Amino acid sequence: LAATSEIITLAEQERDQVSTLVGRAWRSIALLELGERDKADKDLNAVLRLADELRQPLYRWWALGLHTTRVLLEGGFGEVESLAQEQLESGQQVQAPDAIPAFGVQMALLRREQGRLPEMELAFKTFVEQYPTVPAWRSGLAGLYRELGNVAQAREEFERAAAHDLMDLPRDPQWLAAIALAAEVCAFLSDTRRAELWYDVLLPYAERIVVIGTGTACYGAVSYFLGLLAATLSRWDAAERHFQKATLAHERMRAKPFLARTQYEYAQMLLTRNQPGDHEQALQLLDQAFSAAQKLGMKSLEEKITSQVQGSTFNAQSEVVSSQPSIASRPNDSEFQ
C-alpha cells in the first residue's frame, strides 16, 4: 500500500497516466486482499476511466479483468460472460501471456455457481498440462471434482497436487490460492493430517482475502477456508469463530455468493457438531443461503440445499421451519412441514 500510494502521488504530479493506472490497479488489489472493498472500488473506477482514456489494449485487458472480478464478487453472473469475453479479446490483441488462463479462471467461477462446472473439466486438464509449475491449476481440478461430488477423481488429483503437502510451493502470487483451493478438497476428503498442517499455514492470513495474481479472481476470505479445516479437525469452537469472521468479511465486501457458501458450510459444521440449538441455527443458515442462491442464480448451491433438506433427518421444531419460507415451501419437504 505504501509503495503503490507513492507511485500514484509521483505519477499524478508528473501527469503520467500509465503509471497512475498501474499504481491504482495494484493498490486496488492490495485493498481487496485486506477486505477494504469501498476503497478498492475507488481505485478500480479510476483504473477503468484511465484505461478508456489511454485506449491501449494491454491496460484495457487488465482493467476489464479487475472489473470482472468485482462483478463476480457481487454475484452479477449475467454480466460476467460478456465481460470475460471482452477481456480475452483485449488480452489476445497484445498477446498477454495470462489472457487465456485468466479467462479460464473467471469462467470456472461462473460455471461453478451456474451448476455447469462439467463444461470446464477439459479446460482445466489442459491448463494442468500446459502449466505444470502452477500447482493452483491441479488444486483447481481437484476442486472441480469436489464440487461434482466425485470422490475418487478428487482424491487422485489432490494427491498429485499435494505430493509434498504443498510445502515446496514458491511464495508467488498464486501461493495463497493454491493452499486455499487444496484446503477445500482436504476438508471434502476428511484428510486430518493435512488439515492440521495447512490450518497452521493459513492461520497468519486469517484476516486476508484470497486474490489471485494481478486481480484475476477473488476466492473469498481466508477465514472461510480456516473454518473448513477446523471443522475437519473437529475443533468446533475455532471453526465457528472462523465462519463467523468469514460471514462478517463477506458482508462487508458485499460478496453475496461467498456469503451464501459460508452460510452453507457453517450450517454443515453445526449439523455435525450437533449441540443443543445447532440444528435450528443450521436451518436458518441454510434458508439464508438458499434464498441468496435463488436470487443470484447459484444453481449448484440451490440444488445442494434442496437435496439436503428433502433427504434430511433433522429434528427441527415445526415453528422454526415455518419461519423459513424459501426452504419450507419447497415441494416434497414433508419431513420439515
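Residues numbered from 1 in each chain as written. Predicted model: local features only at pLDDT ≥ 70, side-chain atom pairs only at ≥ 80, totals over all residues. Heavy atoms only, no water.

Novice: How should I be thinking about the overall build of the protein in this particular structure?
Specialist: Within the protein, the regular secondary structure consists of 18 helices and two strands. Taken along its principal axes, the extent of the C-alpha atoms in the protein is 65 × 40 × 35 Å. Expressed as a percentage of its 337 residues, the buried residues of the protein come to 56%. Long-range pairs, those at least 24 residues apart, make up 62% of the contacts in the protein with a sequence separation of at least 6. Surface exposure of the protein reaches about 15300 Å², of which carbon and sulfur atoms provide 49%. Here the protein holds 34 positive side-chain charges and 45 negative ones, and the gap between their average locations is 2 Å. (Helix = DSSP H or I, 4+ residues; strand = E, 2+ residues; numbered from the N terminus. Buried < 20%, exposed > 50% of the residue type's maximum accessible area, 1.4 Å probe, protein only. Contact = heavy atoms within 4.5 Å. Areas by Shrake-Rupley, 256 points an atom, 1.4 Å probe, with all protein chains shown as cover. Lys, Arg positive; Asp, Glu negative; His and termini not counted. Charge placed at Lys NZ, Arg CZ, Asp CG, Glu CD.)

Novice: Any chance you could explain the confidence of the model for the protein here in plain terms?
Specialist: Predicted coordinates in regions of low pLDDT should not be interpreted in detail. Mean pLDDT over the protein works out to 90, with 92% of the residues at or above the 70 mark. A low-confidence stretch, residues 328-337 stays under pLDDT 50, and its non-local contacts, those more than four residues away or across chains, total 22 contacts. (pLDDT = per-residue confidence, 0-100.)

Novice: Would you explain unusual backbone geometry in this entry?
Specialist: Of all residues except glycine, most have a negative phi; of all peptide bonds, most are trans. Even without glycine at this site, R55 takes up a positive phi of about 55°. Note on placement: R55 falls in the loop between α3 (37-54) and α4 (57-74). In this structure, N274 is a non-glycine residue whose phi angle is positive, near 60°. Here N274 is to be found in the loop between α14 (256-273) and α15 (278-296).

Novice: Would you take a moment to explain the pattern of salt bridges for this structure?
Specialist: Oppositely charged side chains can pair when the atoms bearing their charge come close. Counted under the stated rule, the structure contains 34 salt bridges. For E81, the salt bridge identified is with R111, shortest N-O distance 2.9 Å. With E81 in helix α5 (residues 77-93) and R111 in helix α6 (residues 99-114), this pair connects stretches of sequence that are 30 residues apart. Given the relative accessible area of 36%, E81 is considered partly exposed. Residue R111 is classed as buried on the basis of its relative accessible area of 5%. Close ionic contact of E113 with R112 constitutes a salt bridge, the shortest N to O distance being 3.2 Å. Of the residues examined, E113 reaches a relative accessible area of 3% and is grouped as buried. (Salt bridge = Lys/Arg side-chain N within 4 Å of Asp/Glu carboxyl O.)

Novice: So what exactly am I meant to see when it comes to the packing of aromatic side chains here?
Specialist: Applying the stated criterion across every chain yields a total of ten aromatic pairs. What links up through ring pairs into an aromatic cluster is the set F124, F127, Y131 and W137. Directly above the ring of W175 sits R171, whose terminal nitrogen or CZ lies 3.9 Å from the centroid. Above the plane of the ring of Y199 lies R235, whose end atom (NZ or CZ) is 5.2 Å from the centre. (Phe/Tyr/Trp six-rings, centres within 6.5 Å; stacked < 30°, edge-to-face > 60°. Lys NZ or Arg CZ within 6 Å of the ring centre and 35° of its normal.)

Novice: I keep staring at α15 and nothing clicks. Help me out?
Specialist: Residues separated by three or four positions in an α-helix point in the same direction, a consequence of the helix having 3.6 residues per turn. Look at α15: 27 Å from first C-alpha to last across 19 residues, which is about the 27 Å you get at 1.5 Å a residue. Along α15, the residues that are buried comprise D278, H279, A282, L283, L285, L286, D287, A289, F290, A292, A293 and L296. Downstream of α15 by one or two residues, G297 has phi in the positive range, about 85°. (Expected span 1.5 Å × (residues − 1).)

Novice: Before we go on, may I ask you to explain helix α2 (residues 17-33) in this structure?
Specialist: For α2, built from 17 residues, the straight-helix expectation of 24 Å at 1.5 Å per residue is met to within 8% by its first-to-last C-alpha distance of 24 Å. All of the buried residues in α2 are T20, L21, G23, R24, A25, R27, S28, I29, L31 and L32. Between the side-chain oxygen at the start of α2 and the backbone nitrogen of V18 there is a gap of 3.2 Å, and the oxygen is on D16. Looking one or two places after α2, you find G35, whose phi comes out positive at around 80°. (Polar contact = N/O pair within 3.5 Å; in protein donor to acceptor, adjacent residues only side chain to side chain.)

Novice: Would you take a moment to explain the nonpolar core for this structure?
Specialist: Generally speaking, a soluble globular protein has its nonpolar side chains buried in company with each other. Among the nonpolar cores identified, the biggest contains 112 residues, and F158, L202 and Y219 are the most heavily contacted of them. Ranked by residues supplied to this core, first place goes to helix α10 (residues 175-188) with twelve residues. Ignoring any residue separated from it by four or fewer positions in sequence, one finds F158 in contact with A142, A182, V185, C186, L189, D191, R194 and W198. (Core = buried A, V, L, I, M, F, W, Y, C linked by side-chain atoms within 4.5 Å.)

Novice: Help me understand the packing of helix α1 (residues 2-13) against α2 in this model?
Specialist: Relative placement of two packed helices is described by the angle separating their axes and the distance separating the axes. Between α1 and α2, the least distance of the axes is 8 Å, while the angle of their chain directions is 160°. When the interaxial angle is binned, α1 and α2 end up roughly antiparallel. The interaxial crossing formed by α1 with α2 has left-handed handedness. Two secondary-structure elements touch here, α1 through T4, S5, I7, I8, A11 and E12 and α2 through S19, T20, G23, R24, W26 and R27. (Axes fitted to C-alpha atoms, helices over the stretch in contact; angles between N-to-C directions. Parallel < 35°, antiparallel > 145°, perpendicular 65-115°, else oblique. Left-handed = near helix turned anticlockwise from the far one by under 90°.)

Novice: How do you make sense of the pairing of strand β2 (residues 218-221) when you look at a structure like this?
Specialist: In the case of a regular strand, side chains alternate between the two sheet surfaces. Bridge count for strand β1 (residues 209-211) against β2 is three bridges, and the pairing is antiparallel. Pairing of V211 across the sheet is with C218, part of β2. Here β1 folds back onto β2, and the loop between the two strands holds six residues, one of which, G213, carries a positive phi near 45°. (Pairing = 2+ DSSP bridges.)

Novice: Would you explain the packing of α3 against α4 in this entry?
Specialist: Look at α3 against α4: their axes get within 9 Å of each other, and the N-to-C directions meet at 145°. As α3 packs across α4, the resulting crossing turns out to be left-handed. The residues of α4 that touch α3, namely those facing R37, D41, L44, N45, V47, L48, A51, D52 and L54, are Y59, R60, A63, L66, H67, R70, L73 and E74. By residue class, the composition of the contact of α3 with α4 is nine nonpolar, two polar and six charged. (Nonpolar A, V, L, I, M, F, W, Y, C, P; charged D, E, K, R; others polar.)

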